[in-house]
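Spelled out, the chains give:
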Amino acid sequence: MSPIDYEKLFALYNDLLIENEKLKEELSRYKTNKSSVKDPTEFNMYASPEKKIALFMSLFKGREDVYAKRFIHSQTGKTGYAPVKYPFWKNQEIDYMPYNSEVVNEHLRGKVVAGIFPITLDNNCYFLAIDLDKGNWKEEASIIREVANQQGIPISIERSQSGEGAHIWFFFEEEVSASLARRFGTLLLTTAMNKNHLIKFDSYDRLFPNQDTLPKGGFGNLIALPLQKVARNNQNSVFIDENFMMIDDQWEYLSQIEKISTPRLMEYIDAMSKAVNSDSPLAISSTEQSRLVKDDFQDTVQLIRLKQLMINKRGISQKALTELKRMAAFQNPEFYQAQAMRKSTWNIPRIISCNEEVGEYLVLPRGLSEKVIALFQDLDVVFTIEEKLFRGHEIAAHFKGTLREDQTEALENMLKHDTGILCGTTAFGKTVVALKLISERKVNTLILVNKTTLVDQWKIKINEFLEL
C-alpha cells in the first residue's frame with residue numbers, strides 16, 4: 001500500500017469516528033425524548049391523537065348537536081360559516097351533524113375549518129371568548145392581558161386564523177349561565193377601558209357567547225376553533241405569549257390552562273363591579289370620577305369647533321380620554337329589545353358610540369361642546385377654542401304669528417344655546433316655535449323629516465308663519 005492510500009484511509013477513519021460520536025449524541029437525545037413521551041404525568045406534543053382530541057374537547061365545549069364549517073362561495077369567492085347538515089339522501093331524524101371527536105380530528109388535521117356554537121340549549125356556556133379583529137388588536141390584547149393579570153384571572157390568547165386578530169379565551173370548570181359569563185366579559189372590558197382609551201366600544205359586540213339566551217329558532221353566534229392545521233402551518237390559529245410569539249408546545253400549554261370555578265368567577269365579578277360601580281359598559285366609578293383632576297390635562301387643551309368638536313389629545317391622560325369618549329356613547333335600545341324578545345342581535349351594536357380618533361384629535365359630536373367646556377371649567381383646566389364652524393348664509397325672514405307664553409319660554413331658552421332639542425307634547429306647536437327660531441337666527445336652515453306628509457305640513461306652516 002502506498003503512503004498516499006494510507007493517508008486517505010486514515011483520514012476517512014477519523015471522519016467515521018467523528019460521525020459515530022454525533023450519531024451517539026442523536027441516539028441519546030432520541031431516547032430522552034422517547035422516555036418523556038411515555039411519562040404518564042406529562043402531556044405534550046408527543047401525546048397520542050386520542051389524548052389530544054380529548055383535551056381539546058374538554059376546553060372547547062358548546063352545543064354538541066350541531067357544529068359549523070367554513071365554506072368558500074363558488075361565485076364570489078368569499079368565505080363564511082354554515083351549520084353542517086346531513087346529506088339529503090340520508091334519511092335522518094335530525095337535520096344537523098353533531099360536534100364530536102371526528103369533527104375535531106378533521107379540524108386539527110386541516111381537512112375542514114370548524115366552528116363551535118358556545119351557547120347551549122340550557123342558555124349556558126363553558127367558556128367566554130373576546131374577538132379582536134381591528135388594526136390595533138395587539139394593543140387591545142395587551143391591555144386586556146394586563147388587567148386580567150392584575151385581577152388574577154387566567155387568560156389565554158390565540159392569534160386568529162387570518163393572523164390579523166386574536167381570540168381571548170377564559171375557560172370555566174363547569175358550565176355557567178351565558179348571562180353570567182357575558183357580565184364577566186363586560187366588566188373586564190369596562191375595567192380595561194378605564195385603564196386605556198384604546199379599547200373600543202365595539203369590543204362589547206365581540207363577546208362569545210353573543211347573547212344571554214339562545215335566539216328562538218337559532219344557534220347564536222359561532223366562533224372558529226383554534227389549532228386548525230393549515231392556518232397553524234403559518235403560525236396562525238395558535239396560542240401566543242406576551243410577545244405575540246407562538247408558544248412552542250401548544251398541547252403542553254393547553255394541558256396547563258387553569259379553568260375558573262364558579263365561586264372564583266363570582267369573586268371576579270364582585271371585585272370588578274365595585275371598581276366600576278356598575279355593570280354598565282358606560283359606567284365609571286365615583287372614585288374614578290372624583291380622581292379626574294386638573295393634572296389629567298397637563299397641557300392647555302386645544303378645541304376646534306367645526307361640524308364636530310375636535311379635542312387635541314396631547315397631554316390628556318388615558319382616564320380622561322376614556323371619560324370624554326363615554327360622553328359620546330349610549331346603550332342601543334334596539335339591542336336590548338331584541339335580546340329581551342330572544343331575537344337575533346346580529347349586526348345590532350350594543351353600544352352606539354359617536355366618537356372617533358383622527359390623528360392627534362379625539363372627535364366628538366358638536367352638541368357636546370357645552371358639556372366638555374363645563375367639565376374643563378369645573379376642573380380649572382386651561383383650554384382654547386378655535387371657531388371654524390360654518391354659520392350659514394344670511395336670509396331675510398320675518399315671523400308673521402304670535403307665540404303663546406309657554407312657546408315663548410321655550411324659544412328664549414333655545415336662543416341661549418348653539419345646539420339643543422325642543423321636546424314638547426302633541427299640539428305644543430313645535431313647528432311654529434322652530435319657524436320663529438329661524439326668523440331670529442336669520443340663516444338658511446335644513447329641515448329633515450322622515451315622512452313625505454310632514455314635508456307637506458312644513459310647507460304649509462312656512463307659508464303661513466314666515467315671510468321670506
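Here the structure is shown first, and the text comes after it.
Our subject in this report is the structure included herewith. This one's a predicted model, so the numbers in the text were calculated from it and none came from an experiment. (Residues numbered from 1 in each chain as written. Predicted model: local features only at pLDDT ≥ 70, side-chain atom pairs only at ≥ 80, totals over all residues. Heavy atoms only, no water.)

1. A word on the nonpolar core
(1) Moving on: With 68 residues, the main nonpolar core has Phe170 and Phe184 as its most contacted residues.
(2) Moving on: Sequence-distant contacts of Phe170, that is, excluding residues within four places in its chain, are made with Phe127, Leu128, Ile130, Ile153, Pro154, Ile155, Phe184, Leu188 and Ile260. (Core = buried A, V, L, I, M, F, W, Y, C linked by side-chain atoms within 4.5 Å. Buried < 20%, exposed > 50% of the residue type's maximum accessible area, 1.4 Å probe, protein only. Contact = heavy atoms within 4.5 Å.)

2. Regarding the pattern of salt bridges
(1) Moving on: Per the counting criterion, the structure on display carries 17 salt bridges.
(2) Moving on: Between Asp380 and Lys294 there is a salt bridge whose closest N-O contact spans 3.9 Å. One end of the pair, Asp380, is in the loop between helix 12 (369-378) and strand 15 (383-387); the other, Lys294, is in the loop between helix 9 (286-290) and strand 9 (301-305), with 86 residues separating them in the sequence.
(3) Moving on: The exposure class of Asp380 is exposed, given its relative accessible area of 53%. (Salt bridge = Lys/Arg side-chain N within 4 Å of Asp/Glu carboxyl O. Helix = DSSP H or I, 4+ residues; strand = E, 2+ residues; numbered from the N terminus.)

3. So, the layout of surface pockets
(1) Moving on: Computed from the structure, the largest pocket encloses a volume of approximately 1,200 Å³.
(2) Moving on: Asp418, Leu437, Arg441, Thr445 and Leu446 are, among the 26 residues lining the largest pocket, the residues nearest its centre.
(3) Moving on: Among the elements that line the lining of the largest pocket, the one with the most residues is helix 14 (residues 430-441), at 7 residues.
(4) Moving on: In the lining of the largest pocket, the residues fall into 13 nonpolar, 7 polar and 6 charged.
(5) Moving on: In this structure, the second largest pocket occupies an estimated 920 Å³ of space. (1 Å grid on protein atoms, 1.4 Å probe; cavity = no way out; pocket = protein on both sides within 12 Å on 5 of 7 lines; lining within 4 Å. Points joined across faces, edges and corners; volume = space filled by probe spheres on them. Nonpolar A, V, L, I, M, F, W, Y, C, P; charged D, E, K, R; others polar.)

4. Considering the side chain of Ser203
(1) Moving on: Inspection of the secondary structure puts Ser203 in the loop between helix 5 (178-195) and strand 7 (207-208).
(2) Moving on: Look past the residues within four positions of Ser203 in its chain and what remains in contact with it is Leu132, Glu140 and Leu189.

5. So, the environment of Asn463
(1) Moving on: Within the secondary structure layout, Asn463 lies in helix 15 (residues 452-465).
(2) Moving on: Look at Asn463 and you get exposed, because its relative accessible area is 60%.
(3) Moving on: Along the backbone, Asn463 and Lys343 are 120 residues apart, and their C-alpha atoms lie at a distance of 46 Å.

6. Regarding the sheet that holds strand 10 (residues 308-312)
Picture the strands of a sheet paired through backbone hydrogen bonds; they go either parallel or antiparallel.
(1) Moving on: Spatial strand order, 13-14-10-9-15: 5 strands in an open sheet with mixed pairing. Looking at strand neighbours, the two that pair on one side only are strand 13 (356-358) and strand 15, the edges of this open sheet. Looking at each pair of strands side by side, their axes are set apart by 25° on average, direction ignored.
(2) Moving on: Note: strand 10 against strand 14 (residues 361-365), 5 bridges, orientation antiparallel. Residue Ile311 lies in a different strand from strand 14, and its bridge partner there is Leu362.
(3) Moving on: This element, helix 10 (residues 318-327), spans strand 10, strand 13 and strand 14 of the sheet and lies at about 25° to strand 14. (Pairing = 2+ DSSP bridges. Axes fitted to C-alpha atoms, helices over the stretch in contact; angles between N-to-C directions.)

On their own, these measurements won't tell you what the molecule is for.
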